[in-house]
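# Topology and contacts: notes
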Amino acid sequence: MKKTIFLGALTVAGLTAGAAAAATLDDVKARGKLNCGVTTGLVGFAAPDSNGEWKGFDVAVCRAVAAAVLGDPTAVEFVPTTGKTRFTALASGEVDMLARNTTWTFTRDVDLKFEFTGINYYDGQGFMVPKDLGVSSAKELDGATVCIQTGTTTELNLADFFRKNNISYEPVPIETNAEGQQQYLAGACDTYTTDSSGLAATRAAFENPGDHVILPEIVSKEPLGPLVRHGDNEWGDVVRWTLNSLVAAEELGVTSANVEELASAAGDKPEVNRLLGTEGNLGEQLGLPADWAVKAIAANGNYGEIFEKNIGESTPIGLARGLNAQWTDGGLLYSPPFR
Amino acid sequence: MSDTHSESVAYVRESFIEEQPAPITAAGPFKWVKDNLFPTWLNGLLTIVALYIIYQLLAGFLPWFLGGVWTTGSLAECREVLQGEVGACFSVLTDRWHQLLFGFTYPSEFYWRPTLAFVLLFVALAPVLFFDLPRKMLIFTGLYPFIAFWLIWGGTIFAPLSALLGFVVGYLVYEKFVKSSFAAGFFGGIVAAIVIWTVGGWLIPENASENAMLTAVPSRDLGGFMLNMMLGITCVSLSLPLGIALALGRQSHLPLVKWICVVFIEFVRGVPLITLLFVANVMLAYFFPPGSGVDLFLRVVIMITMFASAYIAEVIRGGLAALPKGQYEAGDSLGLDYPQAMRLIILPQALKISIPGIVNVAVGLFKDTTLVSIISMFDLVGMIRGPILASTDWNGVYWELFLFASALFFVVCYGISQYSQWLERRLETDHR
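Note that the structure is a prediction, hence the values are computed from the model and not measured. (Residues numbered from 1 in each chain as written. Chains lettered and ligands numbered in written order. Predicted model: local features only at pLDDT ≥ 70, side-chain atom pairs only at ≥ 80, totals over all residues.)

What follows covers the overall build of chain A. Counting its secondary structure elements, chain A contains 14 helices and 14 strands. Its C-alpha radius of gyration of 21 Å places chain A within 12% of the 20 Å reference for a compact globule of 339 residues. Seen through its principal axes, chain A has C-alpha atoms that stretch 65 × 60 × 40 Å. Of all 339 residues assigned to chain A, the portion counted as buried reaches 50%. (Helix = DSSP H or I, 4+ residues; strand = E, 2+ residues; numbered from the N terminus. Rg over C-alpha atoms; globule rule 2.2 N^0.38 Å. Buried ≥ 20, exposed ≤ 12 C-beta atoms within 10 Å, placed from the backbone.)

The number of helices and strands found in chain B is 16 helices and zero strands. Relative to the 2.2 N^0.38 estimate, which gives 22 Å for 432 residues, the radius of gyration of chain B is 31 Å and therefore markedly larger than a compact globule would have. Expressed as lengths along the three principal axes of its C-alpha atoms, the size of chain B is roughly 115 × 75 × 40 Å. Taking all 432 residues of chain B together, 29% fall into the buried category. Long-range pairs, those at least 24 residues apart, make up 66% of the contacts in chain B between residues at least 6 apart in sequence. (Contact = placed C-beta atoms within 7 Å.)

All names here are of chain A. When strand β9 (residues 144-149) meets strand β10 (residues 169-174), the two strands line up parallel, connected through six bridges. The partner of Val146 across the bridge, within β10, is Pro171. Regarding topology, helix α6 (residues 153-164) serves as the crossover connection from β9 to the parallel β10, and that connection is right-handed. (Pairing = 2+ DSSP bridges. Right-handed = clockwise from strand over helix to strand, strands pointing away.)

In this structure, Cys36, Cys62, Val65 and Ala68 of chain A together with Val300 of chain B are the most contacted members of the largest nonpolar core, which totals 163 residues. The biggest single contributor to this core is helix α12 (residues 296-322) of chain B, with 15 residues. Split by domain, this core shows at least three residues from each of two domains, domain 1 (24-122 + 225-329) and domain 2 (125-220) of chain A. Counting five residues, the second largest nonpolar core, distinct from the first, contains Ala148, Trp150, Ile152 and Trp153 of chain B. (Core = buried A, V, L, I, M, F, W, Y, C linked by C-beta atoms within 7 Å. Domains from an automatic or database assignment.)

Turning our attention to the sheet that holds strand β8 (residues 125-130) of chain A. Residue and element names in this part refer to chain A. With mixed pairing, the five strands of this open sheet are ordered in space as β10-β9-β11-β8-β12. Only two strands of the sheet have a single neighbouring strand rather than two, namely β10 and β12 (212-214). In this sheet, neighbouring strand axes are inclined to one another by 30 degrees on average, regardless of whether the strands run parallel or antiparallel. Bridge analysis of β8 against β12 gives three bridges, and the strand direction is antiparallel. Following the sheet pairing, Val129 is matched in β12 by Val213. Along the sheet face, α6 touches β8, β9, β10 and β11 (191-195) and points at about 150 degrees away from the line of β9. (Axes fitted to C-alpha atoms, helices over the stretch in contact; angles between N-to-C directions.)

Contacts between the two partners involve 34 residues from chain A and, on the opposite side, 27 residues from chain B. Looking at the side of chain A that touches chain B, the elements that each hand over two or more residues are α1 (2-22), β2 (47-48), β4 (76-81) and α7 (177-185) of chain A. Examining the composition of the side of chain A that touches chain B, we find that six residues originate from one element, α1 of chain A, more than from any other. The class makeup of the residues in the side of chain A that touches chain B is 15 nonpolar, 16 polar and three charged. (Nonpolar A, V, L, I, M, F, W, Y, C, P; charged D, E, K, R; others polar.)

It is worth spelling out the environment of Arg299 of chain B at this point. Residues and elements named next belong to chain B. Assignment of secondary structure puts Arg299 in helix α12. On the basis of neighbour counts, which here come to 21 C-beta atoms within 10 Å, the residue Arg299 falls in the buried class. Separated by 23 residues in sequence, Arg299 and Leu276 place their C-alpha atoms 10.0 Å apart.

Attention shifts here to the confidence of the model for chain B. All names here are of chain B. Looking at chain B, pLDDT values average 86 and 94% of them are 70 or higher. Mean pLDDT across the elements of chain B ranges from a minimum in helix α11 (residues 273-287), with 80, to a maximum in helix α2 (residues 41-66), with 94. ipTM for the predicted complex: 0.74, alongside a pTM of 0.80. (pLDDT = per-residue confidence, 0-100.)

Once that is clear, we can look at the packing of helix α9 (residues 233-252) of chain A against helix α13 (residues 292-300) of chain A. Residues and elements named next belong to chain A. Packing of α9 against α13 brings their axes to within 10 Å, and their N-to-C directions diverge by 70 degrees. One finds that α9 runs roughly perpendicular with respect to α13. Relative to α13, α9 is oriented so that their crossing is right-handed. The segment α9 lies against α13, with Thr242, Ser245, Leu246 and Ala249 engaging Ala293, Ala296 and Ile297. Split by residue class, the contact of α9 with α13 holds five nonpolar, two polar and no charged. (Parallel < 35°, antiparallel > 145°, perpendicular 65-115°, else oblique. Left-handed = near helix turned anticlockwise from the far one by under 90°.)

Our focus in this paragraph is helix α3 (residues 57-70) of chain A. Residues and elements named next belong to chain A. Here α3 contains 14 residues, and its C-alpha end-to-end distance of 20 Å stays within 8% of the 20 Å for a straight helix at 1.5 Å per residue. The element α3 is largely enclosed, with a buried count of 14 among its 14 residues. Backbone geometry just after α3 places Gly71 at a positive phi near 80 degrees. (Expected span 1.5 Å × (residues − 1).)

As a further point, take the domain arrangement of chain A. Residue and element names in this part refer to chain A. Partitioning chain A into domains gives domain 1 (24-122 + 225-329) and domain 2 (125-220). Inter-centroid distance (C-alpha atoms) of domain 1 to domain 2 is 30 Å. Contact with domain 1, which involves 13 residues of that partner, is made by nine residues of domain 2. Residue classes in the side of domain 1 that touches domain 2 are distributed as seven nonpolar, five polar and one charged.

So, on to unusual backbone geometry. Of note, Asn101 of chain A is a non-glycine position whose phi angle comes to about 45 degrees, a positive value. Along the chain, Asn101 of chain A turns up in the loop between β5 (97-98) and α5 (106-110). Positive phi is not limited to glycine here, since Gln83 of chain B has a value of about 50 degrees. Its place among the elements puts Gln83 of chain B in the loop between α3 (75-82) and α4 (91-102). Judged by the 7 C-beta atoms lying within 10 Å of it, Gln83 of chain B is exposed.

Moving on, we get to the environment of Leu380 of chain B. All names here are of chain B. For Leu380, the position within the fold is in helix α15 (residues 380-390). Residue class for Leu380 comes out buried when judged on the 27 C-beta atoms lying within 10 Å of it. Each C-alpha atom, one on Leu380 and one on Glu77, is 25 Å from the other, the two residues being 303 residues apart in sequence. With near-sequence residues (within four places) excluded, Leu380 lies in contact with Leu100, Gly224, Phe225, Asn228, Thr370, Ala405 and Leu408.

Residue and element names in this part refer to chain B. Inspection of the secondary structure assignment puts Leu58 in helix α2. The exposure class assigned to Leu58 is exposed, which follows from the 11 C-beta atoms found within 10 Å. Between the alpha carbons of Leu58 and Gln327 there is a distance of 55 Å; along the sequence they are 269 residues apart.

Residue and element names in this part refer to chain B. For the pair helix α9 (residues 224-250) and helix α14 (residues 338-368), interaxial distance at closest approach is 11 Å and the crossing angle is 140 degrees. In this view, α9 runs oblique relative to α14, as classed from their interaxial angle. Regarding α9 and α14, the two cross each other, and that crossing is right-handed. On the side of α9, the interface is formed by Gly232, Cys235, Val236 and Leu248, while α14 contributes Met342, Ala362, Leu365 and Phe366. Partitioned by chemical class, the residues of the contact of α9 with α14 number seven nonpolar, one polar and no charged.

Turning our attention to the confidence of the model for chain A. Residue and element names in this part refer to chain A. Overall, the predicted model of chain A reaches an average pLDDT of 87, with 94% of residues at or above 70. Of all helices and strands in chain A, the one with the weakest mean pLDDT is α1 (44), whereas α3 scores best (95). Predicted confidence is poor over residues 1-21, with pLDDT under 50, and the contacts of this stretch with residues over four places away or in other chains come to 16 contacts.

If you want it as structure tokens, here you go:
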């Protein structure tokens, strides 16, 4: 009897999950709120401030999507997820999208049945060591103890890198970035490895940042981006093009300061007009109001503004644009045309 | 005065000596120090070593603690103020105390509600803990869960009211039928309560919570130490009756009841709590339809209660086994039926023996509630590990936050353990 109940529950769950996957956009509109999966806290990318309001680079993507779909950047229910619970949260329909420093990999896209809707941050895995260790290259780390977050791609990259260079290491598994930081400072490991953005943020919080160096090797490609469930392409399009609109807005010179003015009437730049809905019907094709991109950009500004405000050089994290500059400035950001 | 002995005795004292204080080595603090700290040279050496270690600890801790900074807005400012001096950065506590206590999403204008519920908790617990108090206070204890629920979650008052009504009606039905048969009363009461709850669920309109007197707060907004307290108190109080039932069930002569209880206890005790929590968070989400899933808080309460009740059942089974067989036979020979014998003779004695074990489980369980931080619930430890350490302002403050967390937990656990010692002394009725 237990077994039939179990199977019955599975069937019901499968059916309803299938039904939910079919029309996330309608669900979100009906609910009036976007359920967005974020990290339980990563400096600069997502963390609540002292008033309990979520702030950060990934959070801005959630807010932009909420603004595009619902017209209100605050209509977001942030669902904090850990590295282990994030995929089940998305697959089970608990969240509509995940904007959680997730690396786009083949298996996550194909095998886990998710759809990455773009890349909002090009990252790569690096190593941080204390200066007095006297190491200047990651290849000199033979026999080192390495602090590493479990359940992440960094764990696998680390194994690959050391195997490729035929050197050995001793892993020290940790759960969160905060724990890694403390273990590293306490000397539990010789080197701490994670995405280089995370390393920069971690080092910025040290009492003496100058005593630690980030080694020049970047041992992996970590394209981080928002993702949605497989099989709901309309919803995937909404998230993808909201992200693209932020990137395109920077390229086209649309900022949170001038977006209202540019959207008030059709100007002489056709692509800006199409983006902001003063020309054509792009919004309608997505199933959104014509001013969807205006709302998305007005929420937090364009990609460059979001970057500068949360993780850019003016913040304590102080990341340079690097690969995340527009393609016109030698970076990799390249939005397909709005036409 | 006679001269009889004037030649045989050289000197006779004619007055008493004034009372003298004892020699300094035989009384007062000096003697205490000598007896307790330096009785032998080996012990003296140990004392000196111990004093040195204590000095070293305090010399490290006190400047850090007393030199703490309380008023800055971020860790960087703290370091600026300290200028390289040793000192704690307690500003994180003044800046984020409300998040540590209530979680970061509980609306700040409603902080009085959980606080009031916390204060009322003592009123409700008092008659349970101290049985010299008037028994009428137990009425409030019975009402407390519903009041606390309403205060913390808010929303329509009809939800807790219908829950309360269900219990009352269930009890009345039980009272009516229990005279003819215990089973009829027991199951009749349960059925009646379920009927009331179902009807209540239909009658309360969907949007009843929207304009309620207390604004509704969803459970995912609960957090901080409040969440630990709520989980601890709910799970301990639910698992105690459940544990008693399981322990009695395990001793039952009915094979079905016995085996269900044995399998349940052995299974739950054989699985780590963290596994059950992952099941609550991750697996159950697949079985409930999306959106309508049972509240995460409730799922976690169910899992922790199951876990704790299995342990409490084993503790109580120990108490039952410790009773001499004569006590059971005494019950039988008085002509008491099973519930009466249990209620009047066996359980009062068995529970008394089990108090230390039960308290041990309760303290352990209360501390285990911090495990929910692993499944992304923001209890006290979850708040520290997640949002606070991940904020740009406070990234890098560890000692201060975890010291605060330990202090909170220590106060509660020490209180529980002191109470249980008092209770044991109080219940000491035999003449051992």
